[in-house]
Amino acid sequence: MTKVFVGLSGGVDSSVSAYLLKKAGYDVTGVFIRTWQPDFIECTWRDERRDAMRIAAELDIPFLECDAEEEYKRDVAEYMIEEYRKGRTPNPDVMCNRVVKFGVFWKFAQERGADYIATGHYARVKHTTVDEKSVFELLKGVDSAKDRSYFLWKLGNEDLSHVMFPAGHL
(Lines give C-alpha, C1' and ligand atoms only; values in the text may rest on other atoms or scores of the structure.)
Protein backbone atom coordinates (compact mmCIF):
# COMPACT_ATOMS: atom_id res chain seq x y z
CA MET A 1 0.00 0.00 0.00
CA THR A 2 1.31 3.46 -0.88
CA LYS A 3 2.34 5.39 2.22
CA VAL A 4 1.56 9.13 2.28
CA PHE A 5 2.55 11.56 5.04
CA VAL A 6 0.17 14.53 5.11
CA GLY A 7 1.29 17.87 6.54
CA LEU A 8 -1.56 18.24 9.03
CA SER A 9 -2.00 21.74 10.42
CA GLY A 10 -5.39 21.16 12.01
CA GLY A 11 -7.01 23.45 9.45
CA VAL A 12 -9.68 22.55 6.92
CA ASP A 13 -7.49 22.21 3.80
CA SER A 14 -4.99 19.74 5.25
CA SER A 15 -7.76 17.84 7.06
CA VAL A 16 -9.73 17.41 3.84
CA SER A 17 -6.56 16.28 2.09
CA ALA A 18 -5.92 13.60 4.72
CA TYR A 19 -9.55 12.48 4.51
CA LEU A 20 -9.49 12.24 0.71
CA LEU A 21 -6.28 10.21 0.74
CA LYS A 22 -7.57 7.80 3.37
CA LYS A 23 -10.86 7.42 1.48
CA ALA A 24 -8.86 6.64 -1.69
CA GLY A 25 -7.12 3.76 0.11
CA TYR A 26 -3.70 5.22 0.89
CA ASP A 27 -1.79 4.43 4.10
CA VAL A 28 -2.03 7.93 5.60
CA THR A 29 -0.04 9.41 8.47
CA GLY A 30 -0.76 12.93 9.73
CA VAL A 31 2.32 15.00 10.48
CA PHE A 32 2.32 18.27 12.35
CA ILE A 33 5.24 20.41 11.15
CA ARG A 34 6.41 22.54 14.05
CA THR A 35 7.89 25.87 13.03
CA TRP A 36 9.44 28.71 14.99
CA GLN A 37 7.18 31.46 16.29
CA PRO A 38 8.07 34.60 18.21
CA ASP A 39 6.93 34.65 21.84
CA PHE A 40 4.37 37.43 21.31
CA ILE A 41 2.17 35.36 18.96
CA GLU A 42 -1.06 34.47 20.76
CA CYS A 43 -1.97 31.33 18.81
CA THR A 44 0.98 29.04 19.44
CA TRP A 45 2.13 25.94 17.62
CA ARG A 46 0.92 23.99 20.65
CA ASP A 47 -2.68 25.04 19.89
CA GLU A 48 -2.26 24.12 16.24
CA ARG A 49 -0.67 20.76 17.13
CA ARG A 50 -3.61 19.96 19.42
CA ASP A 51 -6.03 20.68 16.56
CA ALA A 52 -3.98 18.47 14.22
CA MET A 53 -3.94 15.66 16.79
CA ARG A 54 -7.73 15.86 17.06
CA ILE A 55 -8.10 15.59 13.29
CA ALA A 56 -5.76 12.57 13.17
CA ALA A 57 -7.75 10.90 15.95
CA GLU A 58 -11.05 11.62 14.17
CA LEU A 59 -9.68 10.17 10.92
CA ASP A 60 -8.12 7.25 12.82
CA ILE A 61 -4.67 7.81 11.30
CA PRO A 62 -1.26 7.79 13.00
CA PHE A 63 0.08 11.17 14.12
CA LEU A 64 3.71 12.33 14.18
CA GLU A 65 5.48 15.64 14.75
CA CYS A 66 8.28 17.00 12.57
CA ASP A 67 10.46 19.62 14.25
CA ALA A 68 11.43 22.29 11.72
CA GLU A 69 11.88 25.18 14.16
CA GLU A 70 15.57 25.74 13.47
CA GLU A 71 15.23 25.66 9.68
CA TYR A 72 12.16 27.88 9.75
CA LYS A 73 13.81 30.50 11.93
CA ARG A 74 17.03 30.50 9.92
CA ASP A 75 15.72 30.14 6.36
CA VAL A 76 12.28 31.76 6.53
CA ALA A 77 12.04 34.26 9.41
CA GLU A 78 15.60 35.58 9.12
CA TYR A 79 15.29 35.71 5.32
CA MET A 80 12.12 37.78 5.70
CA ILE A 81 13.75 40.21 8.14
CA GLU A 82 16.83 40.59 5.93
CA GLU A 83 14.71 41.26 2.85
CA TYR A 84 12.79 44.01 4.70
CA ARG A 85 16.13 45.52 5.77
CA LYS A 86 17.13 45.65 2.12
CA GLY A 87 13.90 47.47 1.28
CA ARG A 88 12.36 44.51 -0.54
CA THR A 89 9.07 42.75 0.04
CA PRO A 90 9.75 39.09 0.83
CA ASN A 91 7.40 36.18 0.36
CA PRO A 92 7.98 33.96 3.41
CA ASP A 93 5.35 31.44 2.25
CA VAL A 94 7.44 30.61 -0.82
CA MET A 95 10.51 30.02 1.33
CA CYS A 96 8.56 28.02 3.92
CA ASN A 97 7.23 25.73 1.21
CA ARG A 98 10.63 25.26 -0.40
CA VAL A 99 12.69 24.78 2.77
CA VAL A 100 10.26 23.40 5.33
CA LYS A 101 7.33 21.62 3.70
CA PHE A 102 9.11 20.22 0.68
CA GLY A 103 12.57 20.03 2.24
CA VAL A 104 12.59 19.19 5.96
CA PHE A 105 9.18 17.49 5.89
CA TRP A 106 10.02 15.37 2.82
CA LYS A 107 13.29 14.22 4.42
CA PHE A 108 11.43 13.40 7.66
CA ALA A 109 8.80 11.42 5.73
CA GLN A 110 11.36 9.61 3.59
CA GLU A 111 13.33 8.49 6.65
CA ARG A 112 10.12 6.91 7.98
CA GLY A 113 9.24 5.04 4.80
CA ALA A 114 6.82 7.43 3.08
CA ASP A 115 6.38 7.18 -0.66
CA TYR A 116 4.80 10.63 -0.94
CA ILE A 117 4.03 13.74 1.05
CA ALA A 118 0.82 15.68 0.69
CA THR A 119 -0.41 19.11 1.74
CA GLY A 120 -3.65 21.04 1.61
CA HIS A 121 -2.45 23.39 -1.12
CA TYR A 122 -4.95 24.02 -3.89
CA ALA A 123 -2.63 23.02 -6.72
CA ARG A 124 -2.19 20.02 -9.02
CA VAL A 125 0.64 18.00 -10.48
CA LYS A 126 0.60 16.74 -14.06
CA HIS A 127 2.84 13.79 -14.92
CA THR A 128 3.95 13.12 -18.48
CA THR A 129 6.76 11.19 -20.11
CA VAL A 130 9.09 12.99 -22.51
CA ASP A 131 11.89 11.05 -24.21
CA GLU A 132 11.43 8.24 -21.66
CA LYS A 133 11.87 10.68 -18.76
CA SER A 134 9.21 11.53 -16.19
CA VAL A 135 8.23 15.18 -16.24
CA PHE A 136 6.15 16.68 -13.44
CA GLU A 137 4.44 20.01 -13.98
CA LEU A 138 2.87 22.22 -11.34
CA LEU A 139 -0.65 23.32 -12.29
CA LYS A 140 -3.05 25.77 -10.71
CA GLY A 141 -5.84 24.49 -8.50
CA VAL A 142 -9.18 24.11 -10.28
CA ASP A 143 -10.79 26.77 -8.07
CA SER A 144 -9.00 29.98 -9.02
CA ALA A 145 -10.20 31.65 -5.80
CA LYS A 146 -8.35 29.02 -3.73
CA ASP A 147 -5.37 28.38 -6.02
CA ARG A 148 -2.07 28.36 -4.11
CA SER A 149 0.27 27.22 -6.87
CA TYR A 150 2.01 30.63 -6.88
CA PHE A 151 3.44 29.80 -3.42
CA LEU A 152 4.99 26.65 -4.89
CA TRP A 153 6.87 28.10 -7.86
CA LYS A 154 10.28 27.09 -6.46
CA LEU A 155 9.43 23.38 -6.58
CA GLY A 156 11.19 21.46 -9.32
CA ASN A 157 10.65 18.18 -11.13
CA GLU A 158 12.24 16.10 -8.35
CA ASP A 159 10.08 17.78 -5.67
CA LEU A 160 6.89 17.30 -7.64
CA SER A 161 7.65 13.61 -8.25
CA HIS A 162 6.78 12.74 -4.63
CA VAL A 163 4.09 15.31 -3.81
CA MET A 164 0.31 15.05 -3.78
CA PHE A 165 -2.19 17.89 -3.58
CA PRO A 166 -5.46 16.03 -2.91
CA ALA A 167 -7.59 19.19 -2.71
CA GLY A 168 -6.31 20.70 -5.98
CA HIS A 169 -9.09 19.23 -8.09
CA LEU A 170 -11.84 20.68 -5.87
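Relevant structure appears above.
Residues numbered from 1 in each chain as written. Predicted model: local features only at pLDDT ≥ 70, side-chain atom pairs only at ≥ 80, totals over all residues. Heavy atoms only, no water.

(A) Structural detail: the environment of glutamate 58. The topology assignment puts glutamate 58 in helix H2 (residues 45-59). Taking the C-alpha atoms as reference points, glutamate 58 and tryptophan 153, 95 residues apart in sequence, are found 33 Å from one another. (Helix = DSSP H or I, 4+ residues; strand = E, 2+ residues; numbered from the N terminus.)

(B) Summary view of the pattern of salt bridges. Applying the stated criterion to the full structure yields 13 salt bridges. Arginine 50 is the partner of aspartate 47 in a salt bridge, and the nearest nitrogen-oxygen pair spans 3.1 Å. Within this pair, aspartate 47 and its partner arginine 50 are both found in helix H2, separated by three residues, close to a single helical turn. Assessed through its relative accessible area of 24%, aspartate 47 is described here as partly exposed. On the basis of relative accessible area, arginine 50 is assigned to the partly exposed category, the value being 39%. Where glutamate 65 meets arginine 49, a salt bridge forms, and the shortest distance between an N and an O atom there is 2.9 Å. Taken together, the residues span a long stretch of sequence, with glutamate 65 in strand E3 (residues 63-67) and arginine 49 in helix H2 at a distance of 16 residues. Residue classification places glutamate 65 among the partly exposed positions, given a relative accessible area of 27%. One salt-bridge network, in which partners are shared between bridges, spans Arg34, Arg49, Glu65, Asp67 and Glu69. (Salt bridge = Lys/Arg side-chain N within 4 Å of Asp/Glu carboxyl O. Buried < 20%, exposed > 50% of the residue type's maximum accessible area, 1.4 Å probe, protein only.)

(C) Structural context of the sheet that holds strand E2 (residues 27-34). Read from one edge to the other, the open sheet built from five strands follows the order E3-E2-E1-E4-E7, with strand pairing classed as parallel. Two strands bound the open sheet, and with one partner strand each, they are E3 and strand E7 (163-164). For strand E4 (residues 116-118) and E7, the ladder comprises two bridges, and the chain directions are parallel. Directly across from isoleucine 117, in E7, lies its bridge partner valine 163. Lying on the sheet, helix H1 (residues 12-23) is in contact with strand E1 (3-7), E2, E4 and E7; it crosses E1 at an angle near 165°. The strands that helix H4 (residues 92-111) touches are E1, E2, E3, E4 and E7; relative to E4, the one it contacts most, it runs at about 135°. (Pairing = 2+ DSSP bridges. Contact = heavy atoms within 4.5 Å. Axes fitted to C-alpha atoms, helices over the stretch in contact; angles between N-to-C directions.)

(D) Structural detail: H2. Here H2 contains 15 residues, and its C-alpha end-to-end distance of 21 Å stays within 8% of the 21 Å for a straight helix at 1.5 Å per residue. Buried within H2 we find Trp45, Ala52, Ala56 and Leu59. End-on view of H2: buried residues confined to an arc of 65°, all on one side of the axis. For H2, exposure combined with an orientation more than 90 degrees from the buried face picks out Arg54, Ala57 and Glu58. Considering only its buried residues, H2 is in contact with H1, E2, E3 and helix H3 (69-85). At the C-terminal side of H2, aspartate 60 shows a positive phi close to 60°. (Expected span 1.5 Å × (residues − 1). Arc of directions from axis to C-beta.)

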